[in-house]
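Descriptive structure summary
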Amino acid sequence: GQNIDQPTEMTATEGAIVQINCTYQTSGFNGLFWYQQHAGEAPTFLSYNVLDGLEEKGRFSSFLSRSKGYSYLLLKELQMKDSASYLCAGPTYGGATNKLIFGTGTLLAVQP
Amino acid sequence: NAGVTQTPKFRILKIGQSMTLQCAQDMNHNYMYWYRQDPGMGLKLIYYSVGAGITDKGEVPNGYNVSRSTTEDFPLRLELAAPSQTSVYFCASSYPPRAGQPQHFGDGTRLSIL
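My aim in this report is to walk through the structure given alongside it, one point at a time. The structure presented is a predicted model; accordingly, all values stated were derived computationally and were not measured.

The next subject is the state of the cysteines. All names here are of chain B. Applying the stated criterion across every chain yields a total of two disulfides over all chains. In this model C23 forms its disulfide with C91; the gap between the sulfur atoms is 1.9 Å. In this structure the cystine formed by C23 and C91 twists about its S-S bond by roughly -70°; its chirality is therefore left-handed. With C23 in strand β3 (residues 19-25) and C91 in strand β9 (residues 87-94), this residue pair connects regions lying 68 residues apart in the sequence.

The next subject is the sheet that holds strand β8 (residues 76-78) of chain B. All names here are of chain B. The strand order across the open sheet built from four strands is β1-β3-β8-β7, with neighbouring strands paired in antiparallel fashion. Each having just a single partner strand, β1 (4-7) and β7 (64-66) make up the two edges of the open sheet. Here the strands of the sheet are splayed against their neighbours by 20° on average, with no regard to which way each runs. One ladder, built from three bridges, connects β7 with β8; its direction is antiparallel. Note that in β8 the partner of Y64 across the bridge is L78.

Let's shift gears to the interface of chain A and chain B. Counting from both sides, the interface comprises 19 residues of chain A and, opposite them, 25 residues of chain B. At the boundary of chain A with chain B, total buried surface from both sides reaches about 1700 Å², with 56% on carbon and sulfur atoms. Connecting chain A to chain B are zero salt bridges. Summed over the shared surface of chain A and chain B, the number is three residue pairs in polar contact (both at pLDDT 80 or more). For the side of chain A that touches chain B, the secondary-structure elements that each account for two or more residues are β4 (32-37), β5 (44-49) and β10 (100-102) of chain A. Residues belonging to the side of chain A that touches chain B are distributed by class as follows: ten nonpolar, seven polar and two charged.

All names here are of chain B. Structurally, the position occupied by Q25 is in strand β3. For Q25, the side chain forms a polar contact with the main-chain oxygen of H29, separated by 2.8 Å. Once residues within four sequence positions are removed from consideration, Q25 is found in contact with G3, V4, M32, R68, T71, E72 and S93.

Scoring rules and cut-offs
- Residues numbered from 1 in each chain as written.
- Chains lettered and ligands numbered in written order.
- Predicted model: local features only at pLDDT ≥ 70, side-chain atom pairs only at ≥ 80, totals over all residues.
- Heavy atoms only, no water.
- Disulfide = S-S within 2.5 Å.
- Helix = DSSP H or I, 4+ residues; strand = E, 2+ residues; numbered from the N terminus.
- Pairing = 2+ DSSP bridges.
- Axes fitted to C-alpha atoms, helices over the stretch in contact; angles between N-to-C directions.
- Contact = heavy atoms within 4.5 Å.
- Buried area = accessible area lost by both parts, 1.4 Å probe.
- Salt bridge = Lys/Arg side-chain N within 4 Å of Asp/Glu carboxyl O.
- Polar contact = N/O pair within 3.5 Å; in protein donor to acceptor, adjacent residues only side chain to side chain.
- Nonpolar A, V, L, I, M, F, W, Y, C, P; charged D, E, K, R; others polar.

Next comes the structure, spelled out in C-alpha cells:
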C-alpha cells in the first residue's frame, strides 16, 4: 500500500523559514496535496503539485520531485498563526486519486 | 456559503448504540468522503463516493456503513458503537481529485463512545 512519511513535530522561530518534508511510495503518480490544520479545526487546502518543481503561493511554496517520491512545503516569514499541523496527502498505491492517503501530519510550533 | 455541513458537532454514545452522522454539501461535488482522525494522527479514509448511488470502502470501513442517495448528502452510520470508534469524524467533498481539485472539509463531529 501507500506510505506517506512526514516528521512528527518541528519548531521554528517567528520570522524565519521552515521546510516540512514528505516522502511517499507510489506508482502511476497523479499529484500531491498539502493541507493545513489548526488545532480543533478542519483541514484546509494549501497547495497541489502534479509537475516537478516549485510552486510559489505567497509565503508558502511547495516542491515536488516525482522521481524521488519527495515533496516539501516551505513557509517563509513565519507568523505565530502558522502554528498548525501540516498534512501531506497523495494518491493510493497505483496512482488512483479518487481517494487520497494522508500522512500523520507535521505539528509546527512557531515561537516568538 | 454553507460548503460542507456536518451534524451533530458533538455526541456521546453508549457502547452498542447506533447513530447516523449527517453530511451535506451545496457545491454540487460528485466526490464525497468520510474520514476519522484520532488524537495526534492523520486522517484515515472510512468510505468515499464518486456520485449518487456509488460508494466504496476506504482504509478503515469496519463498523461503518454509508449511503449516497443524492448528490448533496452522504450520511455515515455506526450500527454498534464501540470505544475504538471514539474519534473526530470529518466529511469532505470535491470535484474529481485527479485534476488537482482540493477537498473541502466540514467542521467535524466529535464522537465519544463510553
